[in-house]
Amino acid sequence: MKCVKCNGNAVINIRRANAAFCKEHFNEYFTEQTLKSIKQFRMFRKTDKIMVCVSGGKDSLVLWHVLHNLGCDVTGMYIDLGINGYSDRSKEKVTAFADKFGLKTIIVDLREKGYPIPFVARRAKREDCAVCGTIKRYYFNRAAYDGGFDVVATGHNLDDEASRLLANIMHWNDEYMDNTYPVLPAGGKMLKKKVKPLVRLTERETAAFAILNGIDYVMEECPMSKGATSLIFKEALSTIEDKMAGTEIFFYTKFLERVKDKDRSKTDSDEMKICQTCGMESFMDKCTFCRLVEKVK
Ligand code: SF4
Ligand code: ZN
Ligand code: ZN
C-alpha cells in the first residue's frame, strides 16, 4: 500500500477518501480535515481562548494536541469523576500528556468535592450517566465562564455525531437532532459557544493519529458505558460503512447542509435566571446541579 501523496509506504488506508497515507501525509490530512471544519463552521479565531474538555481518551487528547500544534491558546479541562480505577488511570494519562507537551490544564476532582459519580447516583437514585451528564456539564460551563474562555471544544468525532444523528432519526427525536451540529451557540450571559473540530474524522483515524504521534491515551471505556444504546447505533453504522465506504460522512454532511440555515442565534438559555445557590445561569431559581447535589448532603 503506497501513500497517494509521496508514493512512500502507507500506514493507513482511508477508504471513504479512496486514499492511503504515510505518517507525514496522514498527519497533514488529519490537520487539514480539522481546519476545514474550524473554517467551514467559523468555530473560533486564532486569538480566541479555547478550553478543550478532556477525558484521557484518544479523541480529546488528539484534539488538544492538534489545536496546540496549530498555535491556538488552548487549555485542557479534566474532571476526575471518582470512578475507582478508571478515573485514576484516565487522570494519569491527562497529566502525563500535559507534562510531556507543556500544556495548561484545569483539573476538578469530584472526590475532593464530595460528589463522585457512583456515590451521587446511588444517593439520588438516578442512573450514573444521567448524573454524570449533569455534573460534567455544570463544571465545564463553570470553568469556561470563570476562566474567561471564548469557546469550549470537545473531541466528538464523525462516528459519535453520525450515530447520534441516526439514533435521533430512528426515534424521531427532532428536537435533539440539532445537538449534532458542529457548533452550538453561546447562551445567556454565561454559557460559552461549544465546538467539535473533529467531526470530519472517524474514531479509527483519531486512534491512528494518537498512536503515530506518541499520544498515550486510556484505552478502556468508562465501565458505566457497558450496554449503552449509543454503541448499537455505532455498530450499525460501522457495518454499513464496511459494505459501502463513504456512506457515513455522506449521511452526516448532507444533514448539516439541510440544517445549515437554521437560526441558532436565539436559544432557550436566552431566558435564563441566576441560580440562588451557586450563581450560575439556570432555567429555575435553583439549577439542576444544585438540586442534584442537595440530595447527597
Ligand atoms: Fe459518565 Fe461514564 Fe456514563 Fe460517560 S459512560 S456519561 S463518562 S458515567
Ligand atoms: Zn506520503
Ligand atoms: Zn446552582
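Residues numbered from 1 in each chain as written. Chains lettered and ligands numbered in written order. Predicted model: local features only at pLDDT ≥ 70, side-chain atom pairs only at ≥ 80, totals over all residues. Heavy atoms only, no water.

Undergrad: What should I look at first to understand the site of ligand 1 in this one?
TA: Looking at ligand 1, the residues that line it are L81, C129, C132, K136, C222, M224 and S225. For the shell around ligand 1, the residue count by class is 5 nonpolar, 1 polar and 1 charged. (Near = heavy atom within 4 Å. Nonpolar A, V, L, I, M, F, W, Y, C, P; charged D, E, K, R; others polar.)

Undergrad: Help me understand the UniProt feature "binding site: Zn(2+) 1" (unreviewed entry) in the protein chain, please; the structure alone is not making it clear to me.
TA: Sites flagged by UniProt as "binding site: Zn(2+) 1" (unreviewed entry) map to C3, C6, C22 and H25. Their sequence span is 23 residues, while the largest C-alpha to C-alpha distance among them is just 8.1 Å; these annotated residues converge on one region. On the secondary structure map, C6 appears in the segment before β1 (12–14). Excluding anything up to four places from it in sequence, C6 contacts C22 and H25. By secondary structure assignment, the location of C22 is in the loop between β2 (19–21) and α1 (23–40). The exposure class of C22 is buried, given its relative accessible area of 11%. (UniProt positions renumbered as here; feature names shortened; annotations may be inferred. Helix = DSSP H or I, 4+ residues; strand = E, 2+ residues; numbered from the N terminus. Contact = heavy atoms within 4.5 Å. Buried < 20%, exposed > 50% of the residue type's maximum accessible area, 1.4 Å probe, protein only.)

Undergrad: Hey, could you run me through helix α5 (residues 117–124) in this one?
TA: Two residues of an α-helix separated by three or four positions point the same way, owing to the 3.6 residues in each turn. All buried positions along α5 are accounted for by I117, V120, A121 and A124. What you see down the axis of α5 is that its buried residues fit within an arc of 100°, all on one side. The secondary structure elements touched by the buried residues of α5 are α4 (110–113), α6 (128–146) and α12 (288–294). At the C-terminal side of α5, K125 shows a positive phi close to 55°. (Arc of directions from axis to C-beta.)

Undergrad: Just checking my understanding: could you explain the coordination of the zinc ion (ligand 3) for this structure?
TA: Tetrahedral coordination by four donors puts the ideal angle at the metal at 109.5 degrees, and octahedral coordination by six puts it at 90 or 180 degrees. Listed as protein donors to the zinc ion (ligand 3) are C275 (SG), C278 (SG), C287 (SG) and C290 (SG); their distances from the metal cover 2.2 to 2.4 Å. Around the zinc ion (ligand 3), the 4 donor atoms are arranged such that angles at the metal cover 103 to 116°; this shape is classified as tetrahedral. Taken in sequence order, the residues that donate to the zinc ion (ligand 3) follow the motif C-x2-C-x8-C-x2-C. Here C278 matches C287 in class, with each residue buried. (Donors = N, O, S within 2.8 Å, 3.2 Å for Na, K, Ca; no water. Tetrahedral: all angles 85-135°; square planar, octahedral: opposite > 155°, others 65-115°.)

Undergrad: Help me out: how do you make sense of the confidence of the model for the protein chain in this one?
TA: Caution is warranted with low-pLDDT regions, since their predicted coordinates should not be read in detail. On average, residues of the protein chain carry a pLDDT of 95, and 98% of them reach 70 or more. ipTM for the predicted complex: 0.97, alongside a pTM of 0.95. (pLDDT = per-residue confidence, 0-100.)

Undergrad: What is the right way to look at the nonpolar core in this model?
TA: The tendency in soluble globular proteins is for nonpolar side chains to be buried side by side. F26, F44, W64 and L67 are the most contacted members of the largest nonpolar core, which totals 56 residues. For this core, the element with the highest residue contribution is helix α2 (residues 58–69), accounting for 6 residues. For F26, the residues in contact, after removing those within four places along its chain, are I12, I14, F21, E205, A208, F209 and L212. (Core = buried A, V, L, I, M, F, W, Y, C linked by side-chain atoms within 4.5 Å.)

Undergrad: Sorry if this is basic, but what is going on with the environment of R89 here?
TA: Examined against the element boundaries, R89 turns out to sit in helix α3 (residues 86–101). Considered as a pair, R89 and K196 are 107 residues apart in the sequence and their alpha carbons are 25 Å apart. The residues touching R89, leaving out its near neighbours within four places in the chain, are V218 and E220.

Undergrad: Before we go on, may I ask you to explain the side chain of T180 in this structure?
TA: Position of T180 among the secondary structure elements: in the loop between α8 (174–177) and β7 (183–184). Sequence-distant contacts of T180, that is, excluding residues within four places in its chain, are made with E161, R164, L165, K196, Y252, F255 and L256.

Undergrad: Is there a simple way to think about the coordination of the zinc ion (ligand 2) in this case?
TA: Donor atoms from the polypeptide that coordinate the zinc ion (ligand 2) comprise C3 (SG), C6 (SG), C22 (SG) and H25 (ND1), at 2.1 to 2.3 Å from the metal. Angles of 97 to 115° at the metal separate the 4 donor atoms of the zinc ion (ligand 2), which places the site in the tetrahedral class.

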